[in-house]
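Tertiary structure, described
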Amino acid sequence: MSARQPGSCFHCGEAVPPGPPIWAQLGAVQQPMCCFGCKAVAEFIHDNELGAYYAHRTPPSSDAGLRAENSDWAIYDQEDLLTRYVHRDGDIARATVEIGGMYCSACTWLLETALNRVAGVRNVALNGATRRAVITWDASVLSFSGLLAAIATIGFKPSPATAGLASEHNRDEQRSALRRLIVAAAAGMQVMMFAVALYAGDFFGIEPHIERFLRIISLLVCLPIVFYSARPFFANALRGLRTRAPGMDLPVALAITAAFSASTFATLANRGEIYFDSVAMFVLFLGAARYLEMRARHSAEDHAAAMAALLPEVATRLDGDELEVVSVDRLRVGDRVLVRPGDVIPADARVLSGELAIDEALLTGEAIPVLRGPGASIFAGGINRSGTASIEISNVGASTSLAEIGRMIDEAKADRPPVALLADRIAGRFVLAVIAIATLAGLAWLQVSGQRAFEVLLATLVVTCPCALSLATPATLAAAAGRLAKEGIMLVHAEVLEVLAKPVHIIFDKTGTLTEGRPGVDDLRLLRRGLARDECLAIAAELETVSEHVLSRAFTNYREPGRFRMQQPEVIAGAGIAATLDGKRYKIGSAEFVSSGAGFDAPVMAAGTSQTVIYLADDTGPLAAISIADSIRPDADNALRALERLGHQLSIASGDTAQAVARVAATLKIEDWHAALKPEDKLARVARLRQDDHAVVMVGDGINDAPVLAAADASVAIDAGTALARASADAVIPGRRLNSLVLLARTAVRARQILRQNISWAIAYNLAALPLAVSGALAPWMAALGMSLSSLLVVGNALRLHRVGNEPLGGEPVAPTAADTREASA
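If you're wondering where the values come from, they're calculated on a predicted model, not measured in any experiment. (Residues numbered from 1 in each chain as written. Predicted model: local features only at pLDDT ≥ 70, side-chain atom pairs only at ≥ 80, totals over all residues. Heavy atoms only, no water.)

1. Considering the overall build of the protein
Definition in use: The helix and strand labels rest on DSSP assignments: H or I over at least four residues marks a helix, E over at least two residues marks a strand, and numbering proceeds from the N terminus. Think of it in three bands: residues with accessible area under 20% of the maximum for their type are buried, residues over 50% are exposed, and the middle band is partly exposed, with areas taken using a 1.4 Å probe on protein chains only. Note on contacts: a residue pair qualifies if any of its non-hydrogen atoms lie within 4.5 Å across the two residues. What sets the accessible areas is the Shrake-Rupley method with a 1.4 Å probe; for residues, cover comes only from the shown protein chains.
In terms of helices and strands, the protein carries 26 helices and 30 strands. Burial status across the protein gives 52% buried among its 826 residues. Across the protein, the fraction of contacts at a sequence separation of at least 24, relative to all contacts at a separation of at least 6, is 68%. Accessible surface for the protein amounts to roughly 34900 Å². Of this, 56% is attributable to carbon and sulfur atoms.

2. Brief notes about the side chain of Ser390
The condition that has to hold: Any pair of N or O atoms that falls within 3.5 Å is considered a polar contact. Within protein, one atom must be able to donate a hydrogen and the other to accept it, and sequence-neighbouring residues count only if both atoms are side-chain atoms.
Tracing the backbone shows Ser390 in strand β16 (residues 389-395). Ser390 gets classed as buried once you look at its relative accessible area, which sits at 10%. Here the side chain of Ser390 touches Ser353 through a polar contact of 2.9 Å, side chain to side chain. Setting aside residues up to four positions removed in sequence, Ser390 forms contacts with Leu318, Val337, Arg350, Val351, Leu352 and Ser353.

3. Points about the side chain of Asp509
Residue placement: Asp509 occurs in the loop between β18 (505-508) and β19 (520-526). A polar atom in the side chain of Asp509 sits 3.4 Å from the side chain of Lys682.

4. Thoughts on the confidence of the model for the protein
What counts here: Along the chain, pLDDT gives the predictor's confidence residue by residue, from 0 to 100.
Looking at the protein, pLDDT values average 79 and 79% of them are 70 or higher. Considering each helix and strand of the protein separately, the mean pLDDT is smallest for strand β30 (residues 822-823), with a value of 35, and largest for β18, with 94. Note that pLDDT drops below 50 for residues 1-5; the model gives that stretch nine contacts with residues more than four away or on any other chain. Within the model, pLDDT remains below 50 along residues 60-71, and this stretch shows 27 contacts once partners closer than five positions in the same chain are excluded.

5. A few points about the sheet that holds β16
One key point about sheets: their strands pair by backbone hydrogen bonds, in either a parallel or an antiparallel sense. In plain terms, the rule: Two strands form a pair only when DSSP identifies at least two bridges running between them.
Taking strand neighbours across the sheet as the criterion, the six strands line up as β9-β8-β10-β16-β11-β14 in an open arrangement whose pairing is antiparallel. The two strands at the open ends of the sheet, each matched to only one other strand, are β9 (322-327) and β14 (377-378). Bridging between strand β11 (residues 348-354) and β14 involves two bridges; their strand directions are antiparallel. Paired with Arg350 across the two strands is Ser377, which belongs to β14.

6. Considerations on the sheet that holds strand β27 (residues 696-700)
The strand order β17-β29-β28-β27-β18-β25-β26 describes an open sheet built from seven strands, whose pairing is mixed. Two strands lie at the open edges of the sheet, namely β17 (490-491) and β26 (673-674), each paired on one side alone. With two bridges joining them, β17 and strand β29 (residues 731-733) adopt antiparallel strand pairing. Across the sheet, residue Met490 finds its bridge partner in β29, namely Val732.

7. Examining unusual backbone geometry
Among all residues except glycine, the phi angle is most often negative; among peptide bonds, the trans geometry is most common. At Ala676, a position not held by glycine, the phi torsion is positive, near 55°. You can see Ala676 is positioned in the loop between β26 and α21 (679-691). Taking the relative accessible area as the measure of exposure, Ala676 reaches 54% and is therefore exposed. Phi at Asp693 is positive, roughly 65°, even though this residue is not glycine. Assignment of secondary structure puts Asp693 in the loop between α21 and β27. The exposure class assigned to Asp693 is exposed, which follows from its relative accessible area of 72%.

This is the structure:
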C-alpha cells in the first residue's frame with residue numbers, strides 16, 4: 001500500500017513537522033507520525049492488540065501537546081519524592097497518579113488494559129472524569145520510575161499526585177459549570193421576557209416589525225445559551241455516539257439542536273413558531289440539576305481537601321537539645337518533633353513525653369478533643385488544643401493516615417456499584433426508545449397536521465428524556481457519601497450501602513471493635529524462677545513492635561529502644577509472634593501457639609472477667625502469663641440495640657478465649673458468639689452463613705480480620721484498624737464510636753428509600769407525560785419545564801440524605817465519660 005502524504009499525526013493529532021516523513025506500520029497500513037516517540041507508542045498499542053483504542057477514542061485537540069518523549073523518570077526514585085508520593089507496605093506500593101492526555105472512555109480502557117499487562121502491577125483504579133489513577137504494584141518487581149515510564153510508553157503523561165486532593169480539578173469543574181449556569185440564567189431571563197411579549201402579542205396583537213425585532217433579539221440572546229451553556233451536553237452526546245454507548249445527553253442534544261434550528265429558520269424566514277424560551281428553560285434547569293449533583297459528588301473530596309489544607313508547611317524538629325524549623329517534606333520516620341498548643345500534627349506519630357489534647361474532628365468526626373499521653377498514636381491533621389509534647393514520627397508523606405483517606409476517596413470515585421451499572425444500562429436503552437417514540441409520534445402527526453408534527457416531536461423528545469432516571473442513582477450515592485464523610489466515615493465501595501440497606505447478619509470482632517482498643521497490662525504471672533517482671537515485659541514489648549494487633553498497644557510503655565537486636569520476626573495472624581532477640585528465640589501469643597513444636601505445654605491460666613491471657617515463652621518453656629484488660633466501649637450496648645431495631649442479626653467471632661468473649665457477649669446481650677477462632681475458622685463461619693442465604697457484614701479492625709473482611713458481602717473497619725484491614729474493608733470508620741456504624745446503617749436504609757423514590761418518580765413522570773406529549777397536549781416549553789423540574793426534584797430529594805442525623809440510639813443519650821475524652825497512655 002502506497003504511503004499517503006502526512007497531514008496530522010495519527011496518534012496525537014498534532015501537525016506533522018516539515019522534513020522527512022515518519023511512518024508507523026500498523027498492520028497493512030502506514031500511518032503518519034509527528035515524532036519517533038508517537039511512532040513507538042502507536043506500534044506498542046498495535047503490537048499489544050490494543051488497536052480498538054483508535055476506533056473508539058475522542059481525537060485530541062491540536063494543542064494537546066501529547067508527546068511520547070523520553071523523560072528522566074528516575075528522579076522519582078529519590079527518597080524524598082518516594083516518601084511524598086508512594087505508600088509502601090512491605091513490597092506492595094501504592095500511589096496516586098494524574099494522567100495527562102486522557103480524552104475519553106477509550107483512553108481509560110487503553111490505560112487500564114495495558115497497565116494490567118505490565119509485570120508487577122497488581123491493581124489499577126482509574127477515574128476517567130478526574131484523570132487520576134490509584135495504582136498498586138509490587139515494588140520488588142517494578143520501581144516507581146518504571147511505572148511512570150510504562151504509562152508514558154502507552155502514550156500518556158503521568159504526574160505523581162498527592163492522594164485525594166483533586167480539589168483543583170473540582171474547583172475548575174465547578175467554576176466552569178457555574179459560569180455556564182450564570183450565562184444560561186442571565187440570558188434565559190431575557191429570552192423569557194421577550195417570550196412573554198410575544199405571547200401577549202398573540203392575544204392582543206403586535207406590530208409585525210416589533211414581532212420580528214423580538215424574534216431576532218431572542219435568537220441573538222439564545223446563542224450563548226446554546227453554544228456555551230449547553231456545550232457539555234453536545235460533547236457528552238458526541239462521545240457517547242463515538243463509543244457506541246448513547247447516554248441521556250443524546251436526546252438532550254437532539255432536542256436543543258432541533259428546537260434551536262427550527263426557531264432560527266422561523267426567525268430568518270419570518271414565519272412559523274419559535275422555541276427559544278423552551279431552549280433557555282431546558283438548558284437552565286437541567287444545568288442547575290447537573291450542578292447540584294456535581295456538588296454532592298464533590299462533597300466527600302471537599303472534606304479530604306479541608307483535612308489536607310490543615311497540614312502545616314513546617315515543623316519544629318528536635319535534634320538533641322536543639323530546635324530546628326524544617327519543611328514537613330524533610331521529616332523522616334524516627335524524627336522527634338516538638339508540638340505546642342495550636343500546632344497541627346505534621347505526620348503520623350507516637351507521643352514520647354508530655355500530653356496533648358488533640359482535636360480530630362475532621363479525621364474521625366469526634367467533636368471532643370482527646371488526651372494523648374506517652375505511647376499514644378496521633379495522626380496527621382489533628383489540631384493540638386492544649387499541652388506541649390515531643391513526638392516521634394511513625395509515618396510521613398504518602399504513608400500517613402490522611403494520605404490513605406485520600407486514596408480511598410480516589411478509589412471510591414472509580415468504583416461503580418451494581419445498582420449504578422444497572423441504572424446506566426436501563427438509561428442507555430431508554431434513550432434509544434425515547435428517540436424511536438418521538439420519531440414515530442412526529443411521523444404520525446404528519447398524517448394528521450403537518451404544522452404540528454414538529455411541535456409534537458420536540459415535546460415528546462424533551463418530556464421523555466431520561467435525565468431524572470440517569471441522575472437518580474449517582475445523585476443518591478454522592479449525597480450519601482458526602483453525608484458520611486462529614487462524620488469521618490469513608491466509603492471505599494458504595495456497594496456496602498446496598499448490603500446494609502436490608503436486614504443482614506453482622507459479625508463483630510471483639511478486641512478493638514466492641515472493646516475500646518485501649519488495652520493495658522493488668523497482671524503478669526511469672527512461670528519460671530529467676531526471671532524479673534520488668535525483663536519479661538521488655539521482651540514482650542520488643543516482640544509486639546512488629547504487630548499491628550490492638551493488644552500490642554498494651555506494651556507500648558514497656559519497650560526499651562536499643563536494648564535488643566531483633567532478627568527473623570514472624571507474625572502468625574490470629575496466633576502470635578515469634579522472633580530472635582540477641583540470638584535467642586522467643587514467642588508470644590496463645591498457649592497453643594507458644595507450645596507448638598516446642599516439646600512442652602503452656603499452662604492454661606484462668607482469666608478474670610475483663611481479661612485476655614497471652615503467654616511468653618522461649619525454646620525451653622513458658623516464661624510468663626500476661627493478663628491484658630480492655631473495657632467495653634461505652635456506646636456499644638445502645639449501638640447494638642439500634643442495629644437490632646433496624647432488623648440486623650448480631651454475633652461475635654473472636655480469636656480470644658471463651659471466657660473473655662462470653663463476658664462481653666453477656667454484657668452486650670449477644671447470644672450468638674464464637675471464641676478461640678483462627679482466621680480460617682472465621683472464614684468458614686462467613687461461608688456457612690452465606691450458604692444459608694444470609695448476607696454477611698463483617699466489622700473488625702485487627703490484622704487477623706483482613707481475610708474475613710474481604711470474604712464477607714460487605715465489611716467495615718472500625719478505629720482505623722491496620723493498613724491491611726483498611727485495604728480489605730468497604731467502609732472505614734476511623735473514630736472510636738460504634739454509633740458511627742449505626743449512622744452508616746441508617747444512611748444505607750435512607751439512601752435505598754430515596755433511590756426507590758427517585759426511580760419511581762422518574763418512571764412515573766415519563767409514563768404520565770408521554771401520552772400528553774404524543775397527543776399534542778403539551779407545548780415544547782411545558783415539556784422542557786416538566787423534564788427540567790423532574791431532574792431538579794430527583795437531585796433535591798437525594799440531597800435530603802444530608803439531614804440523616806446521628807440521633808440518640810436508644811433510651812437516654814450516652815453521656816461522655818472520661819474514656820471518651822481521655823486516651824490512656826496505652
